[in-house]
Amino acid sequence: MYYLKNFESYTNSYKNSVENPEAFWNTIAKDNFVWKRPWSRVLDWDFSIPKISWFEGAQLNITENCIDRHLEHNAEKTAILFEPNNPNDTSEAITYNELHKRVNQFANVLKSKGIQKGDRVCVYLPMIPELAISVLACARIGAIHSVVFAGFSANALSSRINDCDCKLLITSDGGYRGAKTIDLKSIVDTALLDCEGIESVLVAKRIHKDIPMVSGRDFWLQPLLETASESCEATVMDAEDPLFILYTSGSTGQPKGMVHTTAGYMVYSAYTFKNIFQYEPDDVYWCTADIGWITGHSYIVYGPLLNGATTLMFEGVPSYPDYGRFWSIVEKHKVSQFYTAPTAIRALAKQGLDLVSPYDLSSLKILGTVGEPINEEAWHWYNDHIGKRKCPIVDTWWQTETGGIMISPIPNSFEGKPTFATLPFVGIQAALMDEKGDEIEGNSVEGRLCIKFPWPSMARTIWGNHQRYKETYFSAYEQNYFTGDGALRDENGHYRITGRVDDVIIVSGHNLGTAPIEDAINEHPNVAESAIVGYPHDIKGSALYGYVTLKKSDEMNDALKIEINQLISKQIGPIAKLDKIQFTSGLPKTRSGKIMRRILRKIASKDTSNLGDISTLLNPEVVETIMKNSL
Ligand code: PRX
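Rules and cut-offs
- Residues numbered from 1 in each chain as written.
- Predicted model: local features only at pLDDT ≥ 70, side-chain atom pairs only at ≥ 80, totals over all residues.
- Heavy atoms only, no water.
- Buried < 20%, exposed > 50% of the residue type's maximum accessible area, 1.4 Å probe, protein only.
- Helix = DSSP H or I, 4+ residues; strand = E, 2+ residues; numbered from the N terminus.
- Pairing = 2+ DSSP bridges.
- Salt bridge = Lys/Arg side-chain N within 4 Å of Asp/Glu carboxyl O.
- Expected span 1.5 Å × (residues − 1).
- Near = heavy atom within 4 Å.
- Polar contact = N/O pair within 3.5 Å; in protein donor to acceptor, adjacent residues only side chain to side chain.
- Areas by Shrake-Rupley, 256 points an atom, 1.4 Å probe, with all protein chains shown as cover.
- Nonpolar A, V, L, I, M, F, W, Y, C, P; charged D, E, K, R; others polar.

Q: Would you explain the pairing of strand β18 (residues 337–340) in this entry?
A: Looking along a regular strand, one sees the side chains alternate between the two faces of the sheet. Here β18 shows two buried faces, one formed by Gln337 and Tyr339 and the other by Phe338 and Thr340. The sheet contact formed by strand β16 (residues 284–287) and β18 spans three bridges and is parallel. Pairing of Trp286 across the sheet is with Phe338, part of β18. Sheet analysis places β18 next to strand β19 (residues 366–370), joined by four bridges and oriented parallel. Each bridged residue has a counterpart across the sheet, and for Thr340 the counterpart in β19 is Thr369.

Right under this line is the structure:
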């Protein structure tokens with residue numbers, strides 16, 4: 001893998017990648033992967049349509065790059081190291097050889113259920129090996145996987161299944177999360193009442209619970225795998241054939257099914273993994289994310305396996321059986337690279353050092369963080385107590401839409417500094433824009449973060465809605481991809497992400513759109529309207545504050561608050577529950593009827609010294625009442 005060795009090689013590569021992007025990516029793609037047919041054109045693009053095509057004409061299968069090509073020299077190397085929820089259960093090391101067999105068997109089971117190239121398969125599984133294997137099995141036969149995080153509710157699951165017309169669903173009898181057991185199959189059964197397109201459900205056994213199976217629709221996975229052939233030829237895919245769909249929240253409307261395609265995603269996820277995590281052949285790499293999110297797709301499954309790495313998959317939670325669990329796993333498996341979210345770091349830091357000091361963390365070489373801005377205190381705690389000031393921290397900024405890391409320190413090339421994602425990765429042409437839509441040049445400036453030029457792993461469209469793709473990402477700033485984030489660029493050209501500039505709120509590293517939460521609340525018969533904003537929270541980064549106006553004011557009570565949160569859990573999932581609910585007699589609105597969230601955000605954040613001009617409001621009097629009763 002074309003290696004960035006030091007600052008000079010980073011700056012030279014960056015320069016090449018900007019001056020001649022096609023030649024740059026051509027070399028990386030040619031030298032590091034196996035192709036069934038080479039490309040005729042490296043890049044074809046036009047952000048005004050928008051159309052983006054990388055490695056046109058090439059043919060490949062990503063699983064041959066993730067698995068088959070490692071068999072010659074590394075068949076017995078551990079590919080996936082599974083650490084179960086219960087520390088007393090044995091961990092499982094799946095070699096590349098075994099992964100090859102299990103992916104092929106799974107792919108053959110999918111075929112036996114009628115799945116063909118281009119069909120959509122929904123995966124709703126806990127963090128067990130079958131999750132990674134099912135994703136790869138889909139890719140083996142060209143089926144498009146759509147993984148839905150197993151914390152989402154039945155309604156959220158069914159809407160995602162229906163949006164992209166999935167034909168088959170993969171789930172389990174349940175899952176373990178700390179001391180809790182999650183009854184996944186009953187959530188699936190409820191979801192499928194609304195999903196006519198699902199023909200078969202494959203059910204992995206995890207908690208060995210006796211659960212109802214629908215005859216002719218539901219099949220236990222294990223017996224099917226046992227009789228399936230261990231060989232399955234990899235389907236030939238075109239470079240731009242979709243590899244997967246992954247849903248992410250938008251500021252309005254339903255979640256967006258981001259479509260990632262095969263060749264560009266492969267090249268970029270592999271290349272960033274190698275350079276940002278500096279993976280060496282004997283390392284054990286661990287990313288604590290769930291494969292239900294993009295971090296898990298790119299940096300638990302694809303990026304590591306494309307590099308022939310050993311990737312650790314952890315089923316449990318950081319707090320079980322106690323808050324020392326992460327560090328006990330680092331010690332047990334001699335983890336070299338550890339990648340987690342700021343919210344986890346803050347939660348662990350709060351527990352004190354007694355839960356860190358018993359463990360030998362000397363195997364660690366690199367620490368990573370992702371998902372939200374990391375505050376200075378958490379950064380220093382991570383650096384001092386986990387990395388012992390010897391491990392570079394990579395604060396990696398990226399998105400579901402970008403497919404791979406976009407801005408990050410590169411450990412042997414340049415260092416991180418607290419709260420800064422630092423410099424764009426090679427090939428990434430970042431820009432800051434002002435409110436008028438003009439680029440802000442120079443350093444020591446702040447604006448809206450855009451990317452000026454395509455990179456190989458960018459999402460190509462929103463499933464079934466190209467127009468929305470165009471409007472969301474390519475309309476605010478002509479000929480630019482708009483990220484939805486604000487950022488500042490310091491005197492050295494280093495970027496610090498300041499947060500979302502739209503109505504997406506990042507809670508514990510999870511991206512939540514306000515609109516679907518408000519829709520859920522407004523379904524309550526007593527609710528007239530509602531507005532959700534984020535406010536700073538010690539552990540979660542941001543938490544959700546809901547302002548709710550009722551149809552009749554005498555109904556304001558705590559029982560109703562509980563019902564509101566139950567509705568949100570049902571419609572979206574427990575991750576979207578509100579921390580605070582304030583009943584209001586009205587919401588501040590502009591004369592055109594738009595809710596002034598800016599004011600509500602300030603009140604929720606207890607930052608009311610300067611509310612700005614409220615004289616243009618239709619109902620300025622409500623502001624004072626809301627302030628008086630704020631929680
Ligand atoms: O606001 C940024 C924040 O997370 C958003 C993307 O969320 P999602 O698509 O769920 O992907 C998360 C994992 C890649 C971004 O628009 N974000 C992500 N990483 C960082 C971050 N904010 C600050 N610093 C980061 N390192």
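Next comes the rest of the description.
Q: In this structure, what is going on with the pattern of salt bridges? I would like to understand it.
A: Summed over the entire model, instances satisfying the criterion amount to 33 salt bridges. Close ionic contact of Arg389 with Asp384 constitutes a salt bridge, the shortest N to O distance being 2.9 Å. Salt bridges sharing common partners tie together Lys185, Asp189, Arg217 and Asp218.

Q: Help me understand helix α10 (residues 262–276) in this model?
A: Taking 1.5 Å of rise per residue, 15 residues should cover 21 Å, and α10 covers 21 Å from first to last C-alpha, within 8% of that figure. Among the 15 residues in α10, 15 count as buried, and that is most of the element.

Q: Explanation requested: the site of the ligand in the structure shown.
A: Around the ligand lies a shell of 17 residues, among which Asp395, Thr396, Thr400, Asp485 and Arg500 are the nearest. Between the ligand and the protein, one listed contact pairs a nitrogen atom with a backbone N or O atom of Thr396 at 2.8 Å. About the coverage of the ligand: the protein hides 95% of its 540 Å² of free accessible area. Its residues placed into classes, the shell around the ligand shows seven nonpolar, six polar and four charged.

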